[in-house]
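What follows is the residue order along each chain.
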Amino acid sequence: MPRKTATALIGAGAFSLALAVMVPAVIAPALLKAPGTQDLVTHSRGEAQKLNSATGELEPITVDLTRTLTTHADAEGNPVGSSSTAVYDELLNLAVVGPDGDVQTVDARGRYTGLRAGSSVIAFDRSTGEGVPGEFGETYGTTAHTVKLPFDTQQTTYDFYDQSSRKGWPVSYTRTLEVDGLEVYEFVGSIPEVSLGQYGVLEGTDTLYSNPNRTLLVEPVTGSIVSIVSSTNPKKSASAR
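Residues numbered from 1 in each chain as written. Predicted model: local features only at pLDDT ≥ 70, side-chain atom pairs only at ≥ 80, totals over all residues. Heavy atoms only, no water.

Chemist: Please explain the packing of aromatic side chains as it appears in this structure.
Modeler: Each pair of aromatic rings is reported with the distance of its centres and the angle of its planes. Taken as a whole, this structure holds four aromatic pairs when the rule is applied. Centroid distance Tyr88 to Phe124: 5.1 Å. Interplanar angle 75°. Geometry classified as edge-to-face. Placement of Tyr88 in strand β6 (residues 85-97) and of Phe124 in strand β7 (residues 115-125) is noted, with a sequence separation of 36 residues between them. Here Phe124 falls in the buried class, since its relative accessible area comes to 0%. (Phe/Tyr/Trp six-rings, centres within 6.5 Å; stacked < 30°, edge-to-face > 60°. Helix = DSSP H or I, 4+ residues; strand = E, 2+ residues; numbered from the N terminus. Buried < 20%, exposed > 50% of the residue type's maximum accessible area, 1.4 Å probe, protein only.)

Set out below in structure tokens:
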């Protein structure tokens with residue numbers, strides 16, 4: 001049976017991206033915690049490929065990603081969380097960069113008003129950075145790290161969440177680097193080819209995704225993620241059924 005394959009842009013994980021997600025520490029009596037409230041916008045730019053539906057060919061594009069983290073609130077507008085758990089709303093927006101370097105219109109807070117790549121509610125332990133699934137409504141549903149690694153990050157292996165596969169995968173310490181005068185730990189991991197099921201509107205398709213080289217740079221004192229760089233291999237495989 002004929003089988004057609006093509007690479008397609010999938011969410012925010014299909015291109016290299018750098019996220020300067022520095023989480024300030026809140027010092028309580030003998031405790032270090034990530035803030036219970038948050039209002040942070042970060043930008044990143046990377047290369048991607050887009051499938052031209054008219055020609056069936058892949059076209060290189062440059063995309064910008066904005067990631068917005070804000071405090072999750074209940075129906076009355078009250079912040080959700082506890083002394084041990086923080087709950088953030090995460091919004092990802094993509095914008096295509098033109099040949100002249102211009103991007104689509106941004107709003108008053110600097111967020112691109114282009115394609116919404118995804119939105120989620122993140123609940124995590126304010127000390128360890130581990131996910132807290134199900135306790136505060138709809139979350140990633142993972143115990144892997146999402147926003148940060150633990151305070152006093154160790155040179156070991158941690159599970160870190162991947163937005164495309166919606167699972168946690170291990171990343172391991174490889175070396176210590178200095179970035180703009182800041183000492184950071186480098187963690188590297190890979191994601192084997194997994195099925196994301198049908199993606200988009202094409203009947204009978206199965207989206208296969210892998211990430212052979214996912215690299216995190218982490219400031220070890222606070223566990224803040226300085227950057228994430230992914231080398232992904234998303235592809236859409238269509239076959240007659």
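That shown, we press on.
Chemist: What is the right way to read the nonpolar core from this model?
Modeler: Where a protein is soluble and globular, its nonpolar side chains tend to be buried together. One finds Ala34, Leu40, Leu69, Ala86, Tyr88, Ile122, Phe124, Tyr140, Ala144, Val147 and Tyr161 forming the largest nonpolar core, which totals 11 residues. Among the secondary structure elements, those contributing two or more residues to this core are β6 and β7. In this structure, Tyr158, Phe160, Tyr185 and Val218 belong to the second largest nonpolar core, which totals 10 residues. (Core = buried A, V, L, I, M, F, W, Y, C linked by side-chain atoms within 4.5 Å.)

Chemist: I'm lost on unusual backbone geometry in this one. Help?
Modeler: Trans is the prevailing form of peptide bonds, just as negative phi is the prevailing case for residues other than glycine. Of note, Asp152 is a non-glycine position whose phi angle comes to about 55°, a positive value. For Asp152, the location among the structural elements is in the loop between β7 and β8 (157-162). The exposed category is assigned to Asp152, whose relative accessible area is 54%. With a phi angle near 60°, Arg166 is a residue other than glycine that sits in the positive phi range. Here Arg166 is to be found in the loop between β8 and β9 (167-179).

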